[in-house]
Every structure is written in structure tokens, then in C-alpha cells.
Amino acid sequence: MTFPHRHLIDIAEYSRDDIMLMLETAASFKEVNERRIKQVPTLKGATIVNMFNEPSTRTRSSFEIAEKRLSANSLNFGGSSTSTVKGESLSDTVETLCAYKIDMIIVRDKHAGVPRKIADLSGVHVIDAGDGKHQHPTQALLDLYSIWEEKGSFEGLNVGIVGDIAHSRVCGSLLPALKIMGANTVAIAPPTLLPARPDVLGADEVSSDLDAVLPDLDVVYMLRVQRERLEGAPFPSLREYNLLYGLTQKRDALMKPDAIVCHPGPINRGVELDSFMADHPERSVILDQVYAGILVRMAALYLLLGGSNDGIDAQ
Ligand code: CP
């Protein structure tokens, strides 16, 4: 089987079949992650550079674990410890790394478009681990995986994405991914946290009234208020934001009995999500999303790098 993509940069380039294969491959790696020795030799000999030029807990750690579980060699690189602080250009940095005969670069960067530029410069496989306000495709895949596990399918599912739509690369990948998979999408945000032209989002509906929309949602996806990207004062205070757009205990009563709550992390508790909802034993799938991060990243590495099946079916 040959996967029809070299890179994972723009989720909109993937078809429904490509995404379904990714999710099914992720599911097949669950068994490996439950073994005593959680490692298979499928990517033995591959060299992967994790270039994180912005902070990360979940994405970075889960990529590193995924690489180790597939027996790839990893180089962790990026940020203020590199010669970019001495003025080295991105293209010289990438040329240098490629001189080591690497196979893949996984990149997080504050500038939108850096993963595509690296793909054009390098000729090696590239995965976007979050670029500026643009995309975060493996986050979308792990979100889809978690929703699929809970709900069984996407067709006709009502998914609300709530919060800082304008600054969210998570939303930049998740909205198109949900559309590709056949879900109905609602973008819910204060007018000041929507793009100037909300129609460009591609959501089926756009609303600024969370309480009006909440009773129809099967999945309530809360976005982090990205304080590091806010300019000006898009809302009067964090308390006011929580009152109008936070998923509070009070709003539990407005939700469908089987509605689930997702969040990409890190959470601003008491701002977009109260602890009651973040830790809700029936509704919250946030830690399932974290675990799905390992599974979908193993799947992405395996499919893009053409891994062997060695050890996967062996036990
Ligand atoms: N969801 C996410 O990208 O988290 P990190 O910034 O911790 O990687």
C-alpha cells in the first residue's frame, strides 16, 4: 500500500479516505501501546528531526514517544538553543539538517507557512506541528479520532467549535477536517474573535450566542483563549468571557445528555472551561485526546514514511 501524500501540512489536501485510513491505522497502534514492551521496529533506521521553535507540551512529547515506539531515531532541535539566534536563515538551517541525510522534519513555528517552505527547500517529508494561526493538522486528526471513538461516525454530527476562532490554528485544521468527514459545524465566538469575513471559515453556521446553540451540539469543542496572540482588548475581561462563552457547570443543563466536551490543551481553567466540565467523568474526553495524540502521530509517521509491518501483528 502506498500512501498518496509526502507531507502532512494542509489537512484540506487529504480526502475522506486518506483521513479514514489515518484513523484506522491509529486504531491499529492501540494494541502496540498496551504491550509491556511498547515498541515495534517498523521505522528502524529512519531519522526524524523534531524542530520546535515554539513551546509545546503535548505535541512535542507525543511525537517523541511515537517515534520511539516505532524505533525511529530522533533529533530534538529548535528555539533559542540553535544558531538561528546568531542570524542563520531558515534555508541554511534546513540545508544543514538535510546534509545529515534525515528523512523527516516535524516543525512547529510561530510563522504561518514555515512547514510548506521547509518542504519546498528540503525534499524530505514534513509534518506541520502547528504554524502560527494557520494549521495544526495532527491536532485535527487526534480530535477526529476521539470523536470517532465516542460517536462512531461523523455523518450528521453537530460539532460546535467555541472561542478564539480568529487566532486558532487548531480551528484552521479542525473545521475543514470535520467538513471533509461529513459533520455539521458551528463556529461560536464573540464577534471580536471571529475573522473579518466569517464566511471564509467554511463553517455551516456562525453564531455569537453559545446558549442558543449549545442544546443542539453533539460535540462541544472549546478553544483556548490565546492570550499570547490577542491584540487590543477583544473582550472586557476574562471573567466576562467566562460568563458569556465559558463552558461552566451552569451550562451543563443546556447540553444534550450524551454531548461530549473536547479541548486541545493547554486549558485556561476558569476562562474557557470550568474544572467541573474539564474533569467531567462522562462528558470530558480531553485525556482521551491526549492519548489519541500518540496513536495518530504513530499513524502519520508510519504512513508518510512507508513503515514496514514488522512487529505490528506479531504479538
Ligand atoms: N494542543 C497542543 O498543541 O498542545 P501543545 O502546545 O502543548 O503541544
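Analysis parameters
- Every chain begins its residue count from 1, and numbering advances along the sequence as written.
- Local features are withheld for residues below a pLDDT of 70 in this predicted model, meaning they are given only at 70 or higher, and side-chain atom pairs are given and counted only at 80 or more; totals for whole chains, interfaces and linings count all residues.
- Hydrogens are left out, water is left out, and the side-chain values use all remaining heavy atoms of the structure.
- A run of H or I in DSSP becomes a helix once it reaches four residues, and a run of E becomes a strand once it reaches two; helices and strands are each numbered from the N terminus.
- Within these notes, the globule rule equals 2.2 Å times the number of residues to the 0.38 power, and the radius of gyration is based on C-alpha atoms.
- Partly exposed describes any residue whose relative accessible area lies between the buried limit of under 20% and the exposed limit of over 50%, with all areas from a 1.4 Å probe on protein chains only and scaled to the type maximum.
- Contact between two residues is taken to exist if any of their heavy atoms lie within 4.5 Å; hydrogens are not considered.
- Each accessible area is a Shrake-Rupley result for a 1.4 Å probe, and residues are judged covered by the shown protein chains and nothing else.
- Only four residue types enter the tally: Lys and Arg on the positive side, Asp and Glu on the negative side, with His and both chain ends excluded.
- Taken as the charge centre is NZ of Lys, CZ of Arg, CG of Asp or CD of Glu, depending on the residue.
- To get an axis, fit a line to the C-alpha atoms, keeping to the stretch in contact for a helix; angles then go from 0 to 180 degrees between the N-to-C directions.
- Crossings are sorted by hand: turned counterclockwise from the far helix by less than a right angle, the near helix makes the crossing left-handed, and turned clockwise it makes it right-handed.
- Two strands pair if DSSP finds at least two bridges between them.
- It is the directions from the helix axis to the C-beta atoms that the arc portrays.
- What counts as a disulfide here is a pair of cysteine sulfur atoms lying within 2.5 Å.
- Whenever a nitrogen or oxygen atom comes within 3.5 Å of another N or O atom, the pair is scored as a polar contact, on the condition that within protein one atom can donate a hydrogen and the other can accept it, and that pairs from neighbouring residues in sequence are kept only if both atoms are in side chains.
- The criterion for a residue being near a molecule or strand is simple. One of its heavy atoms has to lie within 4 Å of it.
- Residue polarity is assigned by list, with Asp, Glu, Lys and Arg as charged and Ala, Val, Leu, Ile, Met, Phe, Trp, Tyr, Cys and Pro as nonpolar; anything else, Gly included, falls into the polar class.
- What fixes the domain bounds is an automatic or database domain assignment.
- Note on definitions: buried area is the accessible-area loss of two parts on being combined, 1.4 Å probe, summed for both.
- By convention in these notes, a salt bridge is any Lys or Arg side-chain nitrogen within 4 Å of a carboxyl oxygen on Asp or Glu.

On to the overall build of the chain, then. In terms of regular secondary structure, the chain is built from 11 helices and 9 strands. Expected size for 315 residues packed as a compact globule is a radius of gyration near 20 Å; at 20 Å, the chain falls within 12% of this value. Projected onto its principal axes, the C-alpha coordinates of the chain cover approximately 55 × 50 × 30 Å. The proportion of buried residues among the 315 residues of the chain is 54%. Summarising the internal contacts of the chain: among those between residues at least 6 apart in sequence, 74% fall at separations of at least 24. About 13500 Å² of surface is accessible on the chain, with carbon and sulfur atoms providing 50% of the total. Treating the 32 positive side-chain charges of the chain as one cloud and the 42 negative ones as another, the clouds have centres 5 Å apart.

Attention now goes to the packing of helix H6 (residues 137-151) against helix H11 (residues 286-305). Orientation of H6 relative to H11, taken along the N-to-C sense of each, is 115°, at an axis distance of 8 Å. The crossing of H6 and H11 is right-handed. Facing H6, whose interface residues are Thr138, Gln139, Leu141, Leu142, Asp143, Tyr145, Ser146 and Glu150, H11 presents Asp288, Gln289, Ala292, Gly293, Leu295, Val296 and Arg297.

Attention shifts here to the environment of arginine 36. Residue placement: arginine 36 occurs in the loop between helix H2 (30-34) and strand E1 (47-52). Accessibility expressed as a relative area gives 76% for arginine 36, which makes it exposed. Along the primary structure arginine 36 and aspartate 92 are separated by 56 residues, whereas in three dimensions their C-alpha atoms are 42 Å apart.

Time to look at the sheet that holds strand E7 (residues 205-207). Strands sit in the order E7-E6-E5-E8-E9 across an open sheet of 5 strands; the sheet is parallel. Strands at the two margins of the open sheet, each flanked by one partner only, are E7 and strand E9 (260-262). Each neighbouring strand pair of the sheet contributes to a mean axis angle of 20°, computed without reference to strand direction. Relative to strand E6 (residues 184-188), strand E5 (residues 158-162) is paired through 5 bridges, and the arrangement is parallel. From the neighbouring strand, valine 162 faces E6, where its bridge partner is isoleucine 188. The strands touched by helix H7 (residues 169-181) within the sheet are E5, E6 and strand E8 (219-222), with E5 carrying the most contacts at an inclination of about 170°.

The subject of this paragraph is helix H4 (residues 90-98). Among all positions of H4, only Thr93, Val94, Leu97 and Cys98 are buried. Seen along its axis, H4 keeps its buried residues to an arc of 130°; they face one direction. Residues of H4 that are buried in the fold lie against E1, strand E2 (73-77), strand E3 (104-109) and helix H5 (114-122).

Before going further, it helps to examine the state of the cysteines. This structure, assessed with the given rule, holds 0 disulfides. The closest cysteine sulfur to the non-disulfide-bonded cysteine 171 is located on cysteine 262, 13 Å from its own sulfur.

Before going further, it helps to spend a moment on the side chain of arginine 169. Residue placement: arginine 169 occurs in helix H7. A relative accessible area of 8% places arginine 169 in the buried class. Side-chain polar atoms of arginine 169 contact the side chain of glutamate 54, separated by 3.0 Å.

Turning our eyes to something else, we now look at the site of the ligand. Taken together, Ser56, Thr57, Arg58, Thr59, Arg108, His136, Gln139, Pro264 and Gly265 make up all the residues around the ligand. A distance of 2.6 Å separates an oxygen atom of the ligand from a polar atom in the side chain of threonine 59. Between the ligand and glycine 265 there is a distance of 3.2 Å, counted from a nitrogen atom to a backbone nitrogen or oxygen. When grouped by side-chain class, the residues that make up the shell around the ligand number 1 nonpolar, 6 polar and 2 charged. When we break the shell around the ligand down by domain, the ones giving at least three residues each are domain 1 (11-134 + 291-304) and domain 2 (137-289).

Let us now look at the domain arrangement of the chain. A common way to state how big an interface is: give the accessible area lost once the parts meet. Domain annotation of the chain identifies domain 1 (11-134 + 291-304) and domain 2 (137-289). Domain 1 and domain 2 are separated by 26 Å when their C-alpha centres are compared. Counting residues at the interface gives 31 residues for domain 1, matched by 30 residues for domain 2. Between domain 1 and domain 2, the buried area comes to about 2400 Å², and carbon and sulfur atoms account for 64% of it. Among the residues domain 1 hides against domain 2, the three largest losses belong to Ile11, Arg16 and Lys133. Together they make up 27% of the total. Here domain 1 is connected to domain 2 by 3 salt bridges. Among the ionic pairs, glutamate 155 bridges to arginine 16, the shortest N-O distance being 3.0 Å. The tally of links from domain 1 across to domain 2 stands at 12 residue pairs in polar contact (both at pLDDT 80 or more). Residue assignment for the side of domain 1 that touches domain 2 shows that the elements contributing at least two residues are helix H1 (16-28), helix H3 (58-69), E3, strand E4 (125-131) and H11. Per element, the largest residue contribution to the side of domain 1 that touches domain 2 is 8 residues, and it comes from H1.

The next point concerns the pattern of salt bridges. What the rule picks out here adds up to 13 salt bridges. Measuring nitrogen to oxygen at the nearest pair gives 2.6 Å for the salt bridge that ties aspartate 252 to arginine 283. With aspartate 252 in the loop between helix H9 (238-245) and E9 and arginine 283 in the loop between helix H10 (275-278) and H11, this pair connects stretches of sequence that are 31 residues apart. Neither residue differs from the other here; aspartate 252 and arginine 283 are each classed as buried.

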